[in-house]
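Listed below are the residues making up each chain.
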Amino acid sequence: MSDGDSFRTEVRSWLEYNCPIEKRGPMNETDHCFGGRRWRFKDDAQRLWLERMSSRGWTAPEWPRQYGGGGLSPVEAQVLREEMSRIQAHSPLTSLGIWMLGPALLRFGTEEQKQKYLPPIVRGEVRWCQGYSEPNAGSDLVSLQTRAELIGEEFVINGAKIWTSYGHLSDAIFCLVRTDPSKPRHEGISFLLIDDMTVPGVVASPLKLLSGAEHFSQVFFDDVHVSHDNLVGVLNRGWDVAKYLLLFERAMIGGRTADTTRLPAIAVKHMGRDALRAEPMLRAKIIELDMELAAFEAMVERYDDEAAAGIMPGAKSSMLKYWATELAVRRHELTVSVMGIDGINLDGDSGKVALNWLAALPNRIGGGTSEIQLNVIAKRVLELPGA
Amino acid sequence: MSLLIDDDTRMLRDSAQRFFAGSDSVRSLRRLRDSRDLTGIAHGTWNGIVELGLSGVLIPEQFGGSGLDTMASIQISEMMGASLATGPFLSSAVMSSTILLACNNDRIKNDILPAIASGSIVTLASEETSRHNPLSISATVGNQNGRYVLSGNKIAVIDGNIAEKLIVPAKSTDNGQVLLLLVNSDANGIVTKVGMGIDSHPVVEIAFSNVALGPENVISDDERSIDYLDKAFDIGRIHLAAEMLGAAQEAFDRTVDYLKTRVQFGRKIGEFQALQHRAALLFGELEIARSLVLKSASIYDTDQARSAEFASLAKARVGEIAKHVTTEAVQLHGGIGVTDDFDIGLFLKRVKVASERLGDTSFHAERYAGLQGL
Ligand SMILES: Cc1cc2nc3c(=O)[nH]c(=O)nc-3n(C[C@H](O)[C@H](O)[C@H](O)COP(=O)(O)OP(=O)(O)OC[C@H]3O[C@@H](n4cnc5c(N)ncnc54)[C@H](O)[C@@H]3O)c2cc1C
């Protein structure tokens, strides 16, 4: 038996013993555990599952042990993912700290920053949000205006962020801010941590999505003071950090598959085989889309295998993001059709499917729009000329 | 099962790539096409394939092959597609070998498998209808005192103009059972008609009228015949998907190069965002197609219960993607793209023919739906 096999055996029995039964099975929107100082656990099982996984560092499997992570190799992390999905274990923690800030700190942070910020992220004790976009800086992020002035040992921040996911529910925000307006656009931006959003001058007010969910918010900064120690990386070189992180964001959105029930199964269950056969056009659409989805899954699987072998997708992660989100919109839209009028009745048994559809639309926009992902592929992967 | 290829397979891939890229197959295809040499086209690079040992890639060592898996043999089809190489690899080395290996007939295995590995050409003559419909078999075989008589018409016989032996499914006049028969292509009562396809490859029809056979010609005469056929079709479909992937990837790479060099309106046409986005989409589709080819091969090697589902998925999706990519490749070249002298259109034609063989997208979508319980 190879080492990989014995690790798998160990993981399997550990999960079998430690993963609460309530934390297995298809994961709904309400099953996510975001953690943080203000978090209310849905139930004991959610709390227990987070504690158990984070005590092994498995909320951040590949981070070094010294910062609370699991210290797993890419291959072992892949084994853990496979074993979790084998029993449909829920992800114990949904966290921008793990997906984005952590990788930034591991790459660009000081030793003090790593020790201070990473362990609470692993344990789900601090909830971070991402403050990049502004009203006039979306796809063209580099034109951002929020100003941070270095005065003595402190930065003083003024400006406004928008579309900040869960800004009104978070404890801390990592921001891109303009630290030198006199420099060319890319060269005057810094990556700054506001590690306590309750300090004076920070106001976050929620905005509703089409689905009705209060997902993102506007965040205003009015003379907010933070220590110079909160700068990540080099002053005015924040764009390097941002570029590095975008790859993680795209891979994260691309790799995420919320509801894995296959379309044909949904249709058979809801309509029955005979009704479906009586509608050959609908049946054909379901089959075609299901085949496209299954084909896409083969790509996700291949890229996972590559990642486990140490081959990183780089700019190819734009492609995962593009296809995952585009296919999800089509899939959910068709699911609504399968349900017919039941699918649009928010108060009926199937009302969830319309919300899933509406909730799929923003994913084509957040993390760089679909059009921007195509730009990235054209330029960075295909190296086409221009701009 | 990982979807990454191992070092041995990578070496095989690299040597196949070197061989086919160096075989000058496009120029010889054009030359043979212009002189209507359909025998030459069908043989193509076969001698080189045999010399490299690729004709025995799927045949176990005990029968004189190298006993590799599907993950390995699809690499060869992909490289043939990329270089537009011809030769009876799919028909003989892949599909016929697979049927004979699957069947329970040691005598025929011992006879024919080593012969295929060393270059004998055997093909499957199964199709009867212009749209693929493998289980509707009208060819008949009668049995009188241990002697057999075969009659019927087969079409779309891949490499049927050069094969020495044909594997022919036919229905027993006694009990309707499908028999698989091994027939010499020069037997009495066989008439072969050869036309030229849009890809310049032969399109072969073979008529059998009262062809006399003995028990030694029977590969299989029980209900498993259909399973053997299915196995051969599925591995053929996976290899056709690999071939389409190779052709489409090559057409795409050439198109991206063209976008970087062709100047209109004072700039490289690759600067136009409309074209950048089309190229980016095609790139994504090709990555999906590649993953699916690997996935279907890996499933075929390891999970028999799901191999039909994935073979159909690959044949249908890769077919659609490859048609899209090659059609766009022609369009993005402008006028030169629709010129016979220019190669890009040859990829389009190759892909179209491969996508029609052994079931097109609609056929496989329907089959896939059935397997999903729809
Ligand atoms: C659900 C959700 C969550 C988000 N969460 C966060 C967050 O947590 N933190 C954060 O900082 N931001 C967040 N965002 C913001 C997101 O990054 C921006 O919305 C996105 O980058 C697009 O910017 P915009 O909204 O200003 O649209 P615009 O940039 O104004 O785009 C408008 C349209 O123009 C197209 N377009 C723009 N430029 C080009 C171009 N060069 N070529 C072709 N087409 C182009 C776009 O694709 C789009 O279709 C979130 C957004 C959503 C929807």
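The structure presented is a predicted model; accordingly, all values stated were derived computationally and were not measured.

Trainee: Would you explain the overall build of chain B in this entry?
Mentor: Counting its secondary structure elements, chain B contains 12 helices and 10 strands. On C-alpha atoms alone, chain B measures out to a radius of gyration of 21 Å, which is about the 21 Å that the 2.2 N^0.38 rule sets for 374 residues. In terms of principal-axis extent, the alpha carbons of chain B reach across some 80 × 45 × 40 Å. When burial is assessed residue by residue, chain B has 58% of its 374 residues classed as buried. Nonlocal contacts in chain B, meaning residues at least 24 apart in sequence, comprise 75% of its contacts between residues at least 6 apart. When the accessible surface of chain B is totalled, it reaches about 14600 Å², and 47% of it is carbon and sulfur. Here chain B contributes 36 positive and 46 negative side-chain charges, whose respective centroids are spaced 5 Å apart.

Trainee: Is there a simple way to explain the site of the ligand in this structure?
Mentor: All names here are of chain A. Gln130, Ser139, Trp163, Thr369 and Glu371 are the nearest of the 20 residues found near the ligand. Contact between the ligand and Ser165: a nitrogen atom at 2.8 Å from a side-chain N or O atom of the residue. Only strand S1 (128–131), strand S3 (154–165), strand S7 (214–227) and helix H12 (370–381) provide two or more residues apiece to the shell around the ligand. Considering only residue class, the shell around the ligand consists of 6 nonpolar, 13 polar and 1 charged. Two domains each provide a minimum of three residues to the shell around the ligand, namely domain 2 (128–237) and domain 3 (258–381).

Trainee: Help me out: how do you make sense of the domain arrangement of chain B in this one?
Mentor: Interface size is often expressed as the accessible area that is lost when the parts come together. All names here are of chain B. The domains assigned to chain B are domain 1 (7–120), domain 2 (124–222) and domain 3 (226–371). With both sides pooled, the region where domain 1 packs onto domain 2 buries about 1800 Å², and carbon together with sulfur makes up 72% of that total. The tally of links from domain 1 across to domain 2 stands at 0 salt bridges. Linking domain 1 with domain 2 are 6 residue pairs in polar contact (both at pLDDT 80 or more). Counting only elements with at least two residues in the side of domain 1 that touches domain 2, the list comes to helix H2 (25–34), helix H3 (38–43), helix H6 (89–102) and helix H7 (106–117). When its residues are assigned to classes, the side of domain 1 that touches domain 2 shows 12 nonpolar, 9 polar and 3 charged.

Trainee: Can you walk me through the interface of chain A and chain B in this structure?
Mentor: At the interface, 39 residues of chain A touch 39 residues of chain B. For the chain A and chain B pair, buried surface summed over both sides reaches about 3300 Å², with 69% attributable to carbon and sulfur atoms. The three residues of chain A that bury the most area against chain B are Met291(A), Arg302(A) and Leu382(A), which together make up 20% of that side's buried surface. There are 4 salt bridges connecting chain A and chain B. Taking the shortest distance from any N to any O, the salt bridge between Glu366(B) and Arg283(A) comes out at 2.7 Å. On the surface where chain A and chain B come into contact, there are 15 residue pairs in polar contact (both at pLDDT 80 or more). Of all the secondary structure elements, the ones that give two or more residues to the side of chain A that touches chain B are helix H7 (263–271), helix H8 (273–277), helix H9 (280–308), helix H10 (317–339) and H12 of chain A. If one sorts the elements of the side of chain A that touches chain B by residue count, H9(A) sits on top with 16 residues.

Trainee: Quick question: what am I supposed to make of the packing of aromatic side chains here?
Mentor: For any pair of aromatic rings, geometry is given as the distance between the ring centres together with the angle between the planes. Residues and elements named next belong to chain A. Within the structure shown, the criterion is met by 12 aromatic pairs over all chains. Pairing Phe34 with Tyr166 gives two aromatic rings, centres 4.8 Å apart and planes at 50°, and the pair type is tilted. Within this pair, whereas Phe34 is found in the loop between helix H1 (3–18) and helix H2 (44–55), its partner Tyr166 is found in the loop between S3 and strand S4 (172–178), the two being separated by 132 residues in sequence. Ring geometry for Tyr322 against Trp323: centres 5.4 Å apart, planes inclined by 80°, an arrangement best described as edge-to-face. The exposure class of Trp323 is buried, given its relative accessible area of 11%. An aromatic cluster is present here, built from Tyr117, Trp128, Tyr132, Phe174 and Phe191 joined pairwise through their rings. Geometry around Tyr166 places Arg127 over its ring, the cationic atom sitting 4.8 Å from the centre.

Trainee: Explain the pattern of salt bridges to me, please; I cannot follow it from the model alone.
Mentor: As a working rule, side chains carrying opposite charge can pair if their charged atoms are close by. Residue and element names in this part refer to chain A. This structure, assessed with the given rule, holds 43 salt bridges over all chains. Among the salt bridges present, the one from Arg86 reaches Glu83, with a minimum N-O distance of 3.0 Å. One end of the pair is Arg86 and the other is Glu83, both in helix H3 (residues 74–86) and 3 residues apart, which spans about a single turn. On the basis of relative accessible area, Arg86 is assigned to the partly exposed category, the value being 43%. Arg237 serves as the salt-bridge partner of Asp240, at 3.1 Å between the closest nitrogen and oxygen.

Trainee: Would you take a moment to explain the side chain of Ser217(A) for this structure?
Mentor: Residue and element names in this part refer to chain A. Note that Ser217 resides in strand S7. Here the side chain of Ser217 touches Gly167 through a polar contact of 3.3 Å, landing on its backbone nitrogen. If we skip the residues at most four places from it in the chain, Ser217 touches Lys161, Ile162, Trp163, Thr164, Gly167, His168, Ala204, Ser205, Pro206 and Leu207.

Trainee: Help me out: how do you make sense of a nonpolar patch on the surface in this one?
Mentor: All names here are of chain A. Among the surface-exposed residues, Leu150, Val234 and Leu235 lie close enough to one another that they form a single nonpolar patch of about 240 Å² accessible area. Within the secondary structure layout, Leu150 lies in strand S2 (residues 147–151). In this structure Leu150 comes out as partly exposed when scored by relative accessible area, which is 39%.

Trainee: What should I look at first to understand the environment of Asn18(A) in this one?
Mentor: Residue and element names in this part refer to chain A. With respect to the helices and strands, the residue Asn18 is situated in helix H1. Along the backbone, Asn18 and Cys129 are 111 residues apart, and their C-alpha atoms lie at a distance of 29 Å. Sequence-distant contacts of Asn18, that is, excluding residues within four places in its chain, are made with Trp49 and Arg52.

Trainee: Which parts of the structure should I look at to understand the domain arrangement of chain A?
Mentor: All names here are of chain A. Domain boundaries assigned for chain A yield domain 1 (3–94), domain 2 (128–237) and domain 3 (258–381). Here domain 1 and domain 2 share 0 salt bridges between them. In terms of residue class, the side of domain 1 that touches domain 2 is made up of 1 nonpolar, 1 polar and 2 charged.

Trainee: Any chance you could explain the packing of helix H1 (residues 7–21) of chain B against helix H5 (residues 70–83) of chain B here in plain terms?
Mentor: Geometrically, a packed helix pair is captured by the angle between its two axes and the distance between the axes. All names here are of chain B. It is the contact of H1 with H5, at a shortest axis distance of 9 Å, that shows an interaxial angle of 25°. Looking at the two axes, H1 sits roughly parallel to H5. Taken as a pair, H1 and H5 cross one another with a handedness that is right-handed. Here H1 contributes Thr9, Leu12, Arg13, Ala16, Gln17, Phe20 and Ala21 to the contact with H5, which in turn contributes Met71, Ala72, Gln75, Ile76, Glu78, Met79, Met80 and Ser83. Of the residues assigned to the contact of H1 with H5, the class counts are 9 nonpolar, 4 polar and 2 charged.

Trainee: I keep staring at unusual backbone geometry and nothing clicks. Help me out?
Mentor: When glycine is set aside, most residues are seen to have a negative phi, and most peptide bonds are trans. For Gln88(A), which is not glycine, the phi torsion reads 55° and is therefore positive. Summarising the element assignment, Gln88(A) is placed in the loop between H3 and helix H4 (96–108). With a relative accessible area of 37%, Gln88(A) lands in the partly exposed category. Look at Asp159(B): it is not a glycine, yet its phi comes out positive at around 60°.

Trainee: Would you mind going over a negative patch on the surface with me for this structure?
Mentor: On the surface, Glu111(A), Glu112(A), Glu153(A), Glu154(A) and Asp229(A) cluster together into a negatively charged patch. You can see Glu154(A) is positioned in strand S3.

What counts, and at which threshold
- Residues numbered from 1 in each chain as written.
- Chains lettered and ligands numbered in written order.
- Predicted model: local features only at pLDDT ≥ 70, side-chain atom pairs only at ≥ 80, totals over all residues.
- Heavy atoms only, no water.
- Helix = DSSP H or I, 4+ residues; strand = E, 2+ residues; numbered from the N terminus.
- Rg over C-alpha atoms; globule rule 2.2 N^0.38 Å.
- Buried < 20%, exposed > 50% of the residue type's maximum accessible area, 1.4 Å probe, protein only.
- Contact = heavy atoms within 4.5 Å.
- Areas by Shrake-Rupley, 256 points an atom, 1.4 Å probe, with all protein chains shown as cover.
- Lys, Arg positive; Asp, Glu negative; His and termini not counted.
- Charge placed at Lys NZ, Arg CZ, Asp CG, Glu CD.
- Near = heavy atom within 4 Å.
- Polar contact = N/O pair within 3.5 Å; in protein donor to acceptor, adjacent residues only side chain to side chain.
- Nonpolar A, V, L, I, M, F, W, Y, C, P; charged D, E, K, R; others polar.
- Domains from an automatic or database assignment.
- Buried area = accessible area lost by both parts, 1.4 Å probe.
- Salt bridge = Lys/Arg side-chain N within 4 Å of Asp/Glu carboxyl O.
- Phe/Tyr/Trp six-rings, centres within 6.5 Å; stacked < 30°, edge-to-face > 60°.
- Lys NZ or Arg CZ within 6 Å of the ring centre and 35° of its normal.
- Patch = residues over 30% accessible without salt bridge, like charges linked within 9 Å, V, L, I, M, F, W, Y side chains within 5 Å.
- Axes fitted to C-alpha atoms, helices over the stretch in contact; angles between N-to-C directions.
- Parallel < 35°, antiparallel > 145°, perpendicular 65-115°, else oblique.
- Left-handed = near helix turned anticlockwise from the far one by under 90°.

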